[in-house]
Amino acid sequence: MLFEIMRYVPGADYLTEQPYFESHSVVDTFDSAVWCRRYDSPGDFILKIQASDELFNLVKNNTVLIRRLDVEDGTAMLVDSVKLETSPDSGDFLTLSGESLEAALGRRVFMQKYNLQGPPDAVIYRALKENILNYWYFNSDSEHIANYRYRFINFLDMDGYTRMGGEDIIAQLYGRNLLELTEEIAKANDFGFKFRFVSNNSRAYFSCYRGVDRTINQKNTQQIVFNMDFAEFANT
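Nothing here was measured: the structure is a model prediction, and the numbers come from that model.

**A closer look at the pairing of strand 1 (residues 3-9)**
Right, on to step 1. By the criterion of burial, strand 1 is predominantly enclosed, with six of the seven residues buried.
Right, on to step 2. Pairing between strand 1 and strand 5 (residues 63-67): five bridges, direction antiparallel. Across the sheet, glutamate 4 pairs through a bridge with isoleucine 66, a residue of strand 5.

As structure tokens, this is what we get:
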């Protein structure tokens, strides 16, 4: 299993130069790894690797981690936490942890008073378009604010609109967290959402989707059940 660390490179001038991600290093050896994707909420990860000064300084600032196995799927994780562990016996280790790109929606709160009405997934798409896709920043400090130079990340985009179905809803947005709103609508209407990260153009494409029903209560697709005796999936 290979992990790739993508380093965020801010544009020299946020008005004229787009920021981007570049590949910094490939992690092919690690002490332990947890990589969890979820259907209607952000996934998370924990990765414990051998420490180095260069790697420690790199992963502290706006870093994306991808798994080579998931290149087609586009799953990417935001590194939110870096902890250094020192042991006289085993050496120094870095424990990286964070959540998938969907968690970035949680950094946005609606500050205007208005409602959105329409199909559930259309409400989500419009909320993203009006409140996050036109501009985005992860963080800023006093120096950036003083010079009107923010760490913008204009890499969030849409993958195209696919109707999920469902009755029209009315969403009151004032004061709502965008991730909480997206999760609430998705769970209530039985569909998932995700960002598909494309490393070669530093874009992440949002889409809603619905999984394939493989429960024993239907006959249109192959049924799959969990084998409790062997702790694995078994075809029926």
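Read on for the rest.
**What to know about the packing of aromatic side chains**
Right, on to step 1. Throughout the structure, instances matching the rule amount to seven aromatic pairs.
Right, on to step 2. Ring centres of tyrosine 125 and phenylalanine 206 lie 5.8 Å apart, and the angle between their planes is 80°; this geometry places the pair in the edge-to-face category. One end of the pair, tyrosine 125, is in helix 2 (residues 120-131); the other, phenylalanine 206, is in strand 12 (residues 203-209), with 81 residues separating them in the sequence. Comparing tyrosine 125 with phenylalanine 206, the two get one shared label, buried.
Right, on to step 3. Centre to centre, the rings of phenylalanine 195 and phenylalanine 206 are 5.3 Å apart; their planes meet at 65°, and the pair counts as edge-to-face. Separated by eleven residues along the polypeptide, phenylalanine 195 in strand 11 (residues 192-198) and phenylalanine 206 in strand 12 bring together distant segments of the chain. With respect to burial, phenylalanine 195 and phenylalanine 206 carry one shared label: buried.
Right, on to step 4. Joined through ring pairs, the aromatic side chains of Phe3, Phe30, Trp35 and Phe45 make up one cluster.

**Brief notes about the sheet that holds strand 2 (residues 20-27)**
Right, on to step 1. Strand order across the open sheet formed by seven strands is 2-1-5-6-7-4-3, with antiparallel pairing between neighbours. Since the sheet does not close on itself, it has two edges, and those belong to strand 2 and strand 3 (32-36), each with one partner. The mean angle between the axes of side-by-side strands here comes to 35°, regardless of whether they run parallel or antiparallel.
Right, on to step 2. The sheet contact formed by strand 5 and strand 6 (residues 76-87) spans three bridges and is antiparallel. Residue pairing for strand 6: isoleucine 66 is matched across the bridge by alanine 76.

**With respect to helix 4 (residues 178-188)**
Right, on to step 1. All of the buried residues in helix 4 are Leu178, Leu179, Leu181, Thr182, Glu183, Ile185 and Ala186.
Right, on to step 2. Looking at the buried residues of helix 4, the elements they touch are helix 2, strand 10 (169-172), strand 11 and strand 12.
Right, on to step 3. The opening residue of helix 4, the one whose side-chain oxygen lies 2.9 Å from the backbone nitrogen of leucine 179, is asparagine 177.
Right, on to step 4. Positioned one or two residues after helix 4, aspartate 190 has a phi angle of 60°, which is positive.

**Quick look at the packing of helix 2 against helix 4**
Right, on to step 1. The interhelical angle for the contact between helix 2 and helix 4, taken along N-to-C directions, is 165°, at an axis separation of 9 Å. Taken together, helix 2 and helix 4 sit at an angle that is classed as roughly antiparallel. Two packed elements cross with a definite hand, and for helix 2 against helix 4 that hand is left-handed. Note on element contacts: helix 4 touches helix 2 through Leu178, Leu181, Thr182, Ile185 and Ala186, opposite Pro120, Val123, Ile124, Ala127 and Leu128.

**Regarding the environment of valine 79**
Right, on to step 1. Inspection of the secondary structure assignment puts valine 79 in strand 6.
Right, on to step 2. Judged by its relative accessible area of 11%, valine 79 is buried.
Right, on to step 3. Expressed as a C-alpha distance, the spacing of valine 79 and leucine 47, which sit 32 residues apart in the sequence, is 9.9 Å.
Right, on to step 4. Setting aside its immediate chain neighbours within four residues, valine 79 contacts Phe45, Val59, Thr63, Leu65, Leu96 and Ser97.

Conventions adopted
- Residues numbered from 1 in each chain as written.
- Predicted model: local features only at pLDDT ≥ 70, side-chain atom pairs only at ≥ 80, totals over all residues.
- Heavy atoms only, no water.
- Buried < 20%, exposed > 50% of the residue type's maximum accessible area, 1.4 Å probe, protein only.
- Helix = DSSP H or I, 4+ residues; strand = E, 2+ residues; numbered from the N terminus.
- Pairing = 2+ DSSP bridges.
- Phe/Tyr/Trp six-rings, centres within 6.5 Å; stacked < 30°, edge-to-face > 60°.
- Axes fitted to C-alpha atoms, helices over the stretch in contact; angles between N-to-C directions.
- Contact = heavy atoms within 4.5 Å.
- Polar contact = N/O pair within 3.5 Å; in protein donor to acceptor, adjacent residues only side chain to side chain.
- Parallel < 35°, antiparallel > 145°, perpendicular 65-115°, else oblique.
- Left-handed = near helix turned anticlockwise from the far one by under 90°.

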